Each structure stands twice: as structure tokens, then as C-alpha cells.
Amino acid sequence: MPLSVRAAYRERLSRGDIKPDAAQEQALVALSRLEGDLNALSEPGFASLFRKPRGARGLYLWGPVGRGKSMLMDLFFESAPVAKKRRTHFHVFMAEVHRDIDAWRKGDAAQRKARFGQSRGDDPILPTAELIAESARLLCFDELQVTD
């Protein structure tokens, strides 16, 4: 069983691989909250039979280059209690999304059904989102740049 994100971080600290950092500690609190939310979602109970599953509230880490954001995300990704998960650069992910949308728009009904399943209509967004959701319940993006 993988360590929790907090335990994995503490292990790196104790080995001397990283030095204590207050900003990383704050991010670790948020990552631990998300890890706990994901753990709670994976525990089915009797009540879960009667309600739609809810999603966990995500997390956005930001800050200057070289502060350890990717390292923390990697620790979280390794420890996340989710079987279907994916870690990728944001621009790679968006290129795939745009390829899928293009394939939907250019495909005939048989091609759409082969790639996307039974989706109907002319809007490629829902079938593309369903395709993504089939392959990953947790998405961890690195290298997301917001300029405006």
C-alpha cells in the first residue's frame, strides 16, 4: 500500500532529499485534504446505492518555478487512492482533447460509434468528456500556464 502524501513527504525530509519549506507544508495540507476526500469517495456504503456519486473538489497549486510543485504533485499522484489516474502536461492533454473533438466532427456515425460509443447528436464535448472519464478518474496536470 502506498504511503500517504504526508508520510511520503516526511520520509523525503527525514532522508535529507528535501529541506523544510513553509510553502510546501501549506500545499501539503491541501493535498492531504484532497487525498482524504478521495479516500472517502472510495468507501462504498449502503447509502451510496441511492445517490449519485459526488466528485472531490480539486486543487490548483501555483507559484514560482523551482518551488517543488511538481515534486508534491508526484508524491500525491503516487499515493492517491484512485486506480484510474493520469498525470500529464496540460498542453499534451489539451492537444488530445482537440484531436478527439476533431475526430468527432470529421467522423461519420460508424466512426463516431467505434471511437466514442453510443453518443448521439452533433456536440463533441460530452462524448469527448466521457472518453476521458473512462480512462481516468483523477487527472493531475503539470505545466499549466495561465497568462490572463
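The preceding data block contains the structure.
First, a word on scope: everything that follows refers to the structure included in this document. Note that the structure is predicted; figures quoted are calculated from it, not measured.

Regarding the overall build of the protein
Helices and strands together make up the secondary structure of the protein, namely six helices and two strands. For the protein, with 148 residues in total, the buried portion stands at 27%. Residue pairs in contact within the protein that sit at least 24 positions apart in sequence constitute 61% of those at least 6 positions apart. When the accessible surface of the protein is split by element, carbon and sulfur atoms take 56% of a total near 10,400 Å².

Quick notes on the pattern of salt bridges
Taken as a whole, this structure holds 11 salt bridges when the rule is applied. Because the salt bridges share partners, they merge into one network encompassing E11, R15 and D17.

Observations regarding the layout of surface pockets
Considered as a void within the structure, the second largest pocket measures approximately 230 Å³ in volume. What lines the second largest pocket is a set of 14 residues, among which A23, A27, L61, W62 and K69 lie closest to the centre. Breaking the lining of the second largest pocket down by element, the ones donating at least two residues are helix 2 (22–41) and helix 3 (69–79). For the lining of the second largest pocket, the leading source of residues is helix 2, giving four residues. Class assignment for the residues of the lining of the second largest pocket results in eight nonpolar, four polar and two charged.

The rules behind each value
- Residues numbered from 1 in each chain as written.
- Predicted model: local features only at pLDDT ≥ 70, side-chain atom pairs only at ≥ 80, totals over all residues.
- Heavy atoms only, no water.
- Helix = DSSP H or I, 4+ residues; strand = E, 2+ residues; numbered from the N terminus.
- Buried < 20%, exposed > 50% of the residue type's maximum accessible area, 1.4 Å probe, protein only.
- Contact = heavy atoms within 4.5 Å.
- Areas by Shrake-Rupley, 256 points an atom, 1.4 Å probe, with all protein chains shown as cover.
- Salt bridge = Lys/Arg side-chain N within 4 Å of Asp/Glu carboxyl O.
- 1 Å grid on protein atoms, 1.4 Å probe; cavity = no way out; pocket = protein on both sides within 12 Å on 5 of 7 lines; lining within 4 Å.
- Points joined across faces, edges and corners; volume = space filled by probe spheres on them.
- Nonpolar A, V, L, I, M, F, W, Y, C, P; charged D, E, K, R; others polar.

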